[in-house]
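Take a look at the letters that make up each chain.
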Amino acid sequence: MEKKILEADSASAGFRIDKYLSLELPALSRSYIQKLVKDGLVLAGGTAVKSNYKLTGRERIQITIPEAEEPDILPEEMPLDIYYEDEDLLVVNKPKGMVVHPAAGHYSRTLVNGLLWHCKGSLSGINGVLRPGIVHRIDRDTTGLLVVCKNDAAHQAIAAQLKEHTITRRYRAIVHGVIREEDGTVNAPIGRHPTDRKKMAINRTNGKAAVTHYRVLERFRQYTYIECVLETGRTHQIRVHMSSIGHPLLGDTVYGPQKCPFPLEGQTLHAMTLGFVHPSSGEYMEFSAALPPYFQDLLEKLQ
């Protein structure tokens, strides 16, 4: 068990306990914090709090983090496209159709299953047994680069960079419609859709801040090839933001047209470039993954 003590000040007054802890402890995911609260492992003034607890700004907060359990998730041998690896982390290029971590309906053949085999269990345990090593993720049908952490120190360092928006994340996408301007920014908070819990939406009441910058790379008769740069990393961020300005991603039947004129499996979105400061060396590292064949073939057809 690891115990952390935090002294809440007046600046935190009115914050819900899970939001406060996610800001103070960026290495812990919001859902994991909520589980700790539910399990009675978060105390304010010596008393276990409930999930709706709001800070007065004068509390002494104690959070107990259990030792990482041995995951029930089985290691599976599978090919992994690893761009870089050392004793602290690895950078992997995720293929289309692969789920990052186990969840309902997907408990095998995920990236985590492959990582457990490749790393022989040497992965950070901060985000719990279902997401060892996972600091950030991309959707099942999005391809591209992810950084995976092998120890908790590396995990905390990368999570802090994500919180501070200093990690470089550049994506390539094809969207419906012809974007007239050369570049732009979508600054709109994202939260759960009010009626469809499987979807995200622009939510100005309960959403989290989200910023996406985009620029046009090439225009076609009905579509536009763009680069997107993330400041934040909300769930489905690029998909929701581009749809909100009338340019949903080609192939995205969740946030765009139900029918796609091309035989695609999900949205045309590729996490091409990933850059961060290495947790141990302090050096900035940047990696780029070429467009996957299906994406390159589609561009050639549109051209």
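The rules behind each value
Residues numbered from 1 in each chain as written. Predicted model: local features only at pLDDT ≥ 70, side-chain atom pairs only at ≥ 80, totals over all residues. Heavy atoms only, no water. UniProt positions renumbered as here; feature names shortened; annotations may be inferred. Pairing = 2+ DSSP bridges. Helix = DSSP H or I, 4+ residues; strand = E, 2+ residues; numbered from the N terminus. Contact = heavy atoms within 4.5 Å. Axes fitted to C-alpha atoms, helices over the stretch in contact; angles between N-to-C directions. Buried < 20%, exposed > 50% of the residue type's maximum accessible area, 1.4 Å probe, protein only. Polar contact = N/O pair within 3.5 Å; in protein donor to acceptor, adjacent residues only side chain to side chain. Phe/Tyr/Trp six-rings, centres within 6.5 Å; stacked < 30°, edge-to-face > 60°. Lys NZ or Arg CZ within 6 Å of the ring centre and 35° of its normal.

The name given to the protein chain in an unreviewed UniProt entry is Pseudouridine synthase, with Candidatus Limivivens intestinipullorum as the source organism. You can read under Function (unreviewed entry) in the UniProt record for the protein chain the words "Responsible for synthesis of pseudouridine from uracil."

Asks: I tried to follow the sheet that holds strand E4 (residues 60-65) on my own but got confused; where do I start?
Replies: Strand order in the open sheet made by the 4 strands is E1-E4-E2-E3, with antiparallel pairing throughout. Each edge of the open sheet carries a strand with a single partner, namely strand E1 (2-7) and strand E3 (47-48). The strands touched by helix H2 (residues 30-38) are strand E2 (42-44) and E4; relative to E4, the strand with the most contacts, the crossing angle is about 100°.

Asks: Where do I start with the side chain of Gln 237 in this structure?
Replies: Looking at the element boundaries, Gln 237 is found in helix H5 (residues 237-244). Classification of Gln 237 as buried rests on a relative accessible area of 2%. One polar contact links the side chain of Gln 237 to the main-chain amide nitrogen of Arg 234, over a distance of 3.0 Å. The contacts of Gln 237, once residues within four sequence positions are left out, are Ile 190, Ala 210, Val 211, Thr 212, Leu 230 and Thr 232.

Asks: Would you mind showing me how to read the packing of aromatic side chains here?
Replies: For any pair of aromatic rings, the description consists of the separation of the ring centres together with the inter-plane angle of the planes. The full count for this structure, using the stated rule, is 5 aromatic pairs. Between the aromatic rings of Phe 276 and Phe 287, the centroid separation amounts to 6.1 Å while the plane-to-plane angle is 35°, which identifies the pairing as tilted. One end of the pair, Phe 276, is in strand E14 (residues 269-277); the other, Phe 287, is in strand E15 (residues 284-288), with 11 residues separating them in the sequence. Assessed through its relative accessible area of 12%, Phe 287 is described here as buried. Sitting above the plane of the Phe 15 ring, Lys 19 keeps its charged end 5.0 Å from the centroid. Just above the ring of Trp 117 sits the side chain of Lys 120; from NZ or CZ to the centre is 4.9 Å.

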